[in-house]
2 protein chains.
Amino acid sequence: MPEFFNVLPPAEARLLLFEHMQHVLPAETLAVTDCLGRVTSAAIHAPHALPTFRRSTMDGYAVRAADTYGASGSLPAFLRVIGEVPMGAAAQVVLSPGDAAIVHTGGMIPATADAVVQIELTQTVGGETAVLPYEIEVFKSVAVGQNIVQVGEDVGVNAAILPAGHLLRPQDLGGLLAVGIMQVSVARRPRVAVLATGDEVIHPSRPAGPGQIRDINSYTIAGQVMRAGGIPLIGDIIPDDFAALERAALAALSSADMLVMSAGSSVSVRDMTVEVIERLGAPGVLLHGVATRPGKPTIVGVVDNKPVLGLPGNPVSAMVQFDMFGTPAIYRLQGMIQPPKSGQVWARLSQNIASESGREDYVPARLEEGEDGFTAVPVFGKSNLIYTLVNADGLIKIPLNKAGLLADEFVEVRLF
Amino acid sequence: MPEFFNVLPPAEARLLLFEHMQHVLPAETLAVTDCLGRVTSAAIHAPHALPTFRRSTMDGYAVRAADTYGASGSLPAFLRVIGEVPMGAAAQVVLSPGDAAIVHTGGMIPATADAVVQIELTQTVGGETAVLPYEIEVFKSVAVGQNIVQVGEDVGVNAAILPAGHLLRPQDLGGLLAVGIMQVSVARRPRVAVLATGDEVIHPSRPAGPGQIRDINSYTIAGQVMRAGGIPLIGDIIPDDFAALERAALAALSSADMLVMSAGSSVSVRDMTVEVIERLGAPGVLLHGVATRPGKPTIVGVVDNKPVLGLPGNPVSAMVQFDMFGTPAIYRLQGMIQPPKSGQVWARLSQNIASESGREDYVPARLEEGEDGFTAVPVFGKSNLIYTLVNADGLIKIPLNKAGLLADEFVEVRLF
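None of the values given here were measured: they were computed from a predicted structure.

*Asks:* Can you help me understand the overall build of chain A in this one?
*Replies:* The secondary structure content of chain A amounts to seven helices and 26 strands. Overall, chain A is about 95 × 50 × 45 Å in size when its C-alpha atoms are taken along their principal axes. When the 416 residues of chain A are sorted by exposure, 53% land in the buried category. Considering only intrachain contacts with a sequence separation of at least 6, the fraction spanning at least 24 residues in chain A is 72%.

As structure tokens, then:
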């Protein structure tokens, strides 16, 4: 395993992970209304055109466009209003030359009409007490098709409306319901087992004695899992004991689609995590070490198509590394190629930041909103403390090939 | 009501709404682990310092810094390793001058030590088969406090750790659990009644006859409500009948904290919605018309501290206007002053776009990611079709005071 001692750049490390997890979780069929945030497992086509009938985009009169040609304020066209199209019903009125019919926004256009004149461009002859039939003046000509949405203009019959691997947003649910699709096939939600390990780690409800710290990584990671659409399964806290860790990891992996171990930070504990992952199955550990700060000693593996991560114990590293590998893996398990863009913003940097080339650095920052965008203001302090992240909006990414960033540079910020 | 016929700019309209809804929903106390995405209802203080003991940030040796002064590769300091600090337990080893103790990352620092030498800067005298006590060479001096996290360095006792009105993210839950806070007081989730109205609107499961369209706004709005932390309550579809709408609105509002009516687009239907809101209670309609496209004929009101919105019937307008008033109102009901920044990105514009000054325009766009940020590529086509939003990542905002935007300009995009 030559990769074992390599420290890979994050993008390459992620590709290596993805090469070994070709598997997408099985699909399940659900009501569209329950699918917000779920990922389609197959392409979806429109069973019929949308709209299914020609609709008016204005309140006004359905007309034959030719009857309005040459109409102007000084020389209006005179039309006879012979009927009204009721909302929600077929437009049964038949227009002869010189006829018009009242139509409301969203109403159906009569078969014999080909345009709509908006009401503001007309005037009733003889005042507002009009009883059908009555005459109107039209002060502007309309073209054929004007103020009309045509059949299929929103989406054509059989059109590919959503690809497979698409994350369903409110408008996507609306688009499906609009063509009468009530159920959709989506990838099952990934079940992600989360194990905290360490002799010093205790359940958060317990009083922390000397040398003890409360488990928080299980819960921050669980929150990240939920945000990516997964179901977190938090296990018991495992002591630094090889047999106990192996037993717990095996059990957790057997009932989950992915395993995350918050693995402690000392070298001996990390080595133990590596060995346990190797014994879980093939291909095992893919790499040990990512060229980032924080989070260099991250372990990335795959066992039977299931991603297995060993994250550093410090909470900031654990969150950054989960964002880097765990979140994309959860989306990938659902069949998505690219995670959504919502956790990522770009901002102007408020001041210079030094860094080390050859490493992707993450610096906590607050975002301040101005007239022409966000400014990222670094929040300095030890980067391994949880309250650094509590007091920040996100982390500025300093790319691998840069020895720092300059004030006013346009930088990527990962929201946390 | 002078505002009635005014068309306000969106920011002013939002302020007017907020002036009339001072009410924050009552709090409830929940397990911290169930509070992702909830909003704190009171400021929270740290019951104790974090960490509670001095911790090592390295694998190495706890030492008295003075014993290493002047140490270098050519002139190492010699120290005697007399014990090991076990993880998760008190550091009971007592160092005399010239002594050191093995300590792991995250381990407790003995009271008699004041620095940690990382293991890579030491060498065991006589090889690796060391049995306590044994001698080491130290090749670099360390300063007092080096490689140690001090008591309270993450957060001090009684420090204000989270303000009221704070949206809880994964790291916030972690920060609370780290100091043993297991329960937190958060604002109740807002219940948002959603009513679709219109003689032409049918339930999405029904076949659409001539002139009929399926209700999709109830479901796109419900998705937006959920994203903002609210609970959507979708009602029956109401025909264009004053008494029926008034009855339904009254019933919906009585069991909800906010009411949204997807009100149809014809003038007569909008007027009916305005009248119904006026009769629901005080202060009633605050404004009718917002200087935006799409979505100008939006109705914004408040009844007994509850926001009431009348949205245009076209689905794109409805979503844009809900994003502009509904989403901020839901956060406001939970006590948040500013909605989170995650739905908002800035991008470079790919081409010129024309607009009309005095109106805030929204243009559908795809985001393309490059080396130094996002590019927003406008998706043209009628902006009132749902598949315009399905095929876009979001909407480019053209500010009120601009008559268009130029290629390469840095623009705000609202993700949808």
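*Asks:* What exactly am I supposed to notice about the interface of chain B and chain A here?
*Replies:* Accessible area lost during the coming together of the parts is what is often quoted as the interface size. Taken together, the 77 residues of chain B in the interface contact 77 residues of chain A. Where the side of chain B that touches chain A is concerned, the elements lending two or more residues are helix 2 (170-178), strand 15 (213-214), helix 3 (217-227), helix 6 (315-333), strand 22 (344-349), strand 24 (373-378), helix 7 (386-390) and strand 26 (410-415) of chain B. Counting residues per element, the side of chain B that touches chain A draws most heavily on helix 2 of chain B, which supplies eight residues. Residue composition of the side of chain B that touches chain A, by class: 38 nonpolar, 26 polar and 13 charged.

*Asks:* Whenever I open this one, the relation of the copies chain B and chain A confuses me. Can you help?
*Replies:* The two chain copies are related to each other by a rotation about an axis together with a translation along it. Least-squares fitting of chain B to chain A yields an RMSD of 0.0 Å, with the transformation described by 0.0 Å of translation along the axis and a rotation of 180 degrees. Between the two chains, the operation in question is that of a two-fold axis. With an isologous cut-off of 70% or more, the 100% of interface residues of chain B that recur at the interface of chain A puts this contact in the isologous class.

*Asks:* Hey, could you run me through the environment of L415 of chain A in this one?
*Replies:* Structurally, the position occupied by L415 of chain A is in strand 26 (residues 410-415). Its 17 C-beta neighbours within 10 Å are what place L415 of chain A among the partly exposed residues. Between the alpha carbons of L415 of chain A and Q344 of chain A there is a distance of 6.0 Å; along the sequence they are 71 residues apart. Apart from the residues within four sequence positions on either side, L415 of chain A is in contact with G343, V345, D393 and G394 of chain A together with K341 and S342 of chain B.

*Asks:* Can you help me understand the environment of R414 of chain B in this one?
*Replies:* Residue and element names in this part refer to chain B. By secondary structure assignment, the location of R414 is in strand 26. Here R414 falls in the partly exposed class, since 19 other C-beta atoms lie within 10 Å of it. If we skip the residues at most four places from it in the chain, R414 touches D323, G343, Q344, G394, L395 and K397.

*Asks:* Quick question: what am I supposed to make of the sheet that holds strand 17 (residues 258-262) of chain A here?
*Replies:* Strand-to-strand pairing in sheets goes through backbone hydrogen bonds, with the strands running parallel or antiparallel. Residue and element names in this part refer to chain A. Strand order in the open sheet formed by six strands is 16-13-17-21-20-18, and the pairing between neighbours is mixed. Of all strands in the sheet, those with a lone pairing partner are strand 16 (231-234) and strand 18 (283-288), marking the two edges. Averaged over all pairs of adjacent strands, the angle between strand axes in this sheet comes to 20 degrees, irrespective of strand direction. Alignment of strand 17 against strand 21 (residues 306-311), held across four bridges, turns out to be parallel. Counterpart to S262 in the pairing with strand 21 is L311.

*Asks:* Quick question: what am I supposed to make of the packing of helix 3 (residues 217-227) of chain A against helix 2 of chain B here?
*Replies:* Packed helices, taken two at a time, are described by their axes: the angle between them and the distance between them. At a closest axis distance of 8 Å, the pairing of helix 3 of chain A and helix 2 of chain B adopts a crossing angle of 160 degrees. Here helix 3 of chain A is positioned roughly antiparallel relative to helix 2 of chain B, judged by the angle of their axes. Where helix 3 of chain A crosses over helix 2 of chain B, the two elements pack in a sense that is right-handed. On the side of helix 3 of chain A, the interface is formed by Y219, T220, G223 and Q224 of chain A, while helix 2 of chain B contributes P170, Q171, L173, G174 and L177 of chain B.

*Asks:* Help me understand the sheet that holds strand 6 (residues 99-103) of chain A, please; the structure alone is not making it clear to me.
*Replies:* Residue and element names in this part refer to chain A. Strand order in the open sheet formed by six strands is 7-4-6-5-9-8, with mixed pairing between adjacent strands. A single partner strand is all that each edge strand has here, and the edge strands are strand 7 (115-118) and strand 8 (122-124). Strand-to-strand twist in this sheet, taken as the mean axis angle between neighbours without regard to direction, amounts to 40 degrees. Judged from the four bridges that link them, strand 4 (residues 60-63) and strand 6 form a sheet pairing that is antiparallel. When the bridges of strand 6 are listed, G60 appears paired with V103.

*Asks:* Help me understand the nonpolar core, please; the structure alone is not making it clear to me.
*Replies:* Among soluble globular proteins, nonpolar side chains are generally buried collectively. Of all hydrophobic cores here, the largest spans 201 residues; its most connected members are A249, L259 and V260 of chain A together with A249, L259 and V260 of chain B. Excluding residues that lie within four positions of it along the chain, V260 of chain B makes contacts with V192, V194, I221, L309, L311, F322 and G326 of chain B.

*Asks:* Just checking my understanding: could you explain the packing of helix 3 of chain B against helix 6 of chain B for this structure?
*Replies:* All names here are of chain B. Axis separation between helix 3 and helix 6 bottoms out at 10 Å; the angle between their running directions is 30 degrees. Put simply, helix 3 runs roughly parallel to helix 6. For helix 3 against helix 6, the interelement crossing comes out right-handed. Across the interface between the two elements, N217, T220, I221, Q224 and V225 from helix 3 touch P315, A318, M319, F322, D323, G326, T327 and I330 from helix 6.

*Asks:* I would appreciate a short explanation of the pairing of strand 9 (residues 134-138) of chain B in the present structure.
*Replies:* In regular strands, side chains alternate between the two faces of the sheet. Residues and elements named next belong to chain B. Note: strand 5 (residues 77-84) against strand 9, five bridges, orientation antiparallel. Its bridge partner lying in strand 9, A77 is registered against V138. Looking at chain direction, strand 8 (residues 122-124) and strand 9 are connected through three bridges and run antiparallel. Bridge assignment links T124 to a residue of strand 9, and that residue is I136.

*Asks:* Sorry, what's going on with unusual backbone geometry here?
*Replies:* With the exception of glycine, most residues fall at negative phi, and the peptide bonds are largely trans. The step from L132 of chain A to P133 of chain A runs through a cis peptide bond, and the omega angle for that step is -15 degrees. In this structure, P133 of chain A sits in the loop between strand 8 and strand 9 (134-138). Across the junction of L50 of chain B and P51 of chain B, the peptide omega takes the value -10 degrees, indicating a cis bond. With respect to the secondary-structure elements, P51 of chain B resides in the loop between strand 2 (44-45) and strand 3 (55-56). Despite not being glycine, N158 of chain A shows a phi value in the positive range, around 70 degrees. Along the chain, N158 of chain A falls in the loop between strand 10 (148-149) and strand 11 (160-162). Residue N158 of chain A is classed as exposed on the basis of its 11 C-beta neighbours within 10 Å. You will see that N305 of chain A, though not glycine, has its phi angle at about 70 degrees, which is positive.

Procedures and definitions
Residues numbered from 1 in each chain as written. Chains lettered and ligands numbered in written order. Predicted model: local features only at pLDDT ≥ 70, side-chain atom pairs only at ≥ 80, totals over all residues. Helix = DSSP H or I, 4+ residues; strand = E, 2+ residues; numbered from the N terminus. Buried ≥ 20, exposed ≤ 12 C-beta atoms within 10 Å, placed from the backbone. Contact = placed C-beta atoms within 7 Å. Nonpolar A, V, L, I, M, F, W, Y, C, P; charged D, E, K, R; others polar. Least-squares fit on C-alpha atoms with pLDDT ≥ 70 in both. Pairing = 2+ DSSP bridges. Axes fitted to C-alpha atoms, helices over the stretch in contact; angles between N-to-C directions. Parallel < 35°, antiparallel > 145°, perpendicular 65-115°, else oblique. Left-handed = near helix turned anticlockwise from the far one by under 90°. Core = buried A, V, L, I, M, F, W, Y, C linked by C-beta atoms within 7 Å.

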